[in-house]
Amino acid sequence: MDRSELALVAVGGFFGATLRFLVAVGIPGTGGTLVVNVLGSFVLGTFVTTVSSRRVQLLFGTGLLSSFTTYSTFAVQTAELTMTGGLLNVGANYVLGFSAAALGLFVGGKKL
């Protein structure tokens, strides 16, 4: 990876993290985390089926979408919930996330 590719990941990461922050302000707590993870899964599913440029993949896939979605916040928020709330949160993130990714792949033209 050369410096220009690293810069693409960094720029994408900046914008993804900024968007993630704005969603968290608008939808605080586990709801906001669920929104970014499901939306990010859908967009990434669509993205990987429609974009072949390595530079665009680095900017949007590796940079923007990886910093927009969040596993660490999801894990901490889940650990802070009751057992039932945690199980529901995990179920919602995984079921909706995988469904959104599959829908994104379908929308992008991949046969499932």
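Bear in mind the structure is a predicted one, so any value in this text is a computation, not a measurement.

### Topic: the UniProt feature "transmembrane region" (unreviewed entry) in the protein chain
- UniProt feature "transmembrane region" (unreviewed entry): in the numbering of this structure it lies at residues 7-27, 33-51, 58-79 and 91-109.
- For residues 58-79, helix accounts for 86% and strand for 0%, while the C-alpha atoms at its two ends are 31 Å apart.
- Taken end to end, residues 91-109 is 89% helix and 0% strand, and its two terminal C-alpha atoms sit 27 Å from one another.

### What about the side chain of N37?
- Residue position: N37 is located in helix 2 (residues 30-50).
- Within the structure, N37 has its side chain in polar contact with the backbone nitrogen of T70 (distance 2.9 Å).
- Among residues more than four places away in sequence, those in contact with N37 are T69, T70, F74 and N93.

### With respect to helix 5 (residues 83-107)
- Here helix 5 is 25 residues long and its end C-alpha atoms lie 35 Å apart, about the 36 Å a rise of 1.5 Å per residue gives.
- Restricting attention to buried positions, one finds in helix 5 the residues G86, N89, N93, G97, A100, G104 and L105.
- Taken together, the buried residues of helix 5 touch helix 2 and helix 4 (72-80).
- After helix 5 finishes, the residue G109 shows a positive phi value of roughly 105 degrees.

### Examining the environment of T49
- Position of T49 relative to the elements: it lies in helix 2.
- Among residues more than four places away in sequence, those in contact with T49 are G104, L105, G108, G109 and K110.
- Among the polar contacts made by the side chain of T49, one reaches the main-chain carbonyl oxygen of G45 at a distance of 3.5 Å.
- One polar contact links the side chain of T49 to the main-chain carbonyl oxygen of G108, over a distance of 3.4 Å.

### Notes on the pattern of salt bridges
- The tally for this structure, following the rule as stated, stands at one salt bridge.
- The salt bridge involving R54 is made with E5; its shortest N-O contact spans 3.0 Å. You can see R54 sitting in helix 3 (residues 54-68) and its partner E5 sitting in helix 1 (residues 3-26), a full 49 residues away along the chain.

### Some words on the packing of helix 2 against helix 4
- Between helix 2 and helix 4, whose axes approach to 10 Å, the crossing angle comes to 145 degrees. Seen along the crossing, helix 2 lies across helix 4 with a hand that is left-handed. Residues T30, T33 and N37 of helix 2 touch helix 4, and the partners they reach there are T73, F74 and Q77.
- Residue composition of the contact of helix 2 with helix 4, by class: one nonpolar, five polar and no charged.

So, how was this worked out
Throughout, a residue's number is its position along its own chain's written sequence, starting from 1. Only residues with pLDDT of at least 70 get local features here, since the model is predicted, and only at 80 or more are side-chain atom pairs given and counted; chain-wide, interface and lining totals rely on the full set of residues. Values shown for side chains rest on all heavy atoms present in the structure; no hydrogens or waters enter the calculation. UniProt positions are given in the numbering used here, feature names are shortened, and annotations may be inferred rather than shown by experiment. A run of H or I in DSSP counts as a helix once it spans at least four residues, and a run of E counts as a strand once it spans at least two, with each numbered from the N terminus. As used in this structure description, the phrase polar contact means that two N or O atoms lie within 3.5 Å; if the pair is within protein, one of them must be able to donate a hydrogen and the other to accept it, and residues adjacent in sequence are counted only when both atoms belong to side chains. Residue contacts are defined here by distance: any two heavy atoms, one from each residue, within 4.5 Å place the two residues in contact. Any helix carries an expected span of 1.5 Å times its number of residues minus one. The rule is simple: take the accessible area with a 1.4 Å probe, protein chains only, and divide by the maximum for that residue type; under 20% is buried, over 50% is exposed, in between is partly exposed. Every case where a carboxyl oxygen of Asp or Glu lies within 4 Å of a side-chain nitrogen of Lys or Arg is listed as a salt bridge. Interaxial angles span 0 to 180 degrees and are taken between N-to-C directions of axes, which are lines fitted to C-alpha atoms, for helices over the stretch in contact. For any helix crossing, the convention is left-handed if the near helix is rotated counterclockwise from the far helix by under a right angle, and right-handed if that rotation is clockwise. Under the scheme applied, nonpolar residues are Ala, Val, Leu, Ile, Met, Phe, Trp, Tyr, Cys and Pro; charged residues are Asp, Glu, Lys and Arg; polar residues are all the others, including Gly.

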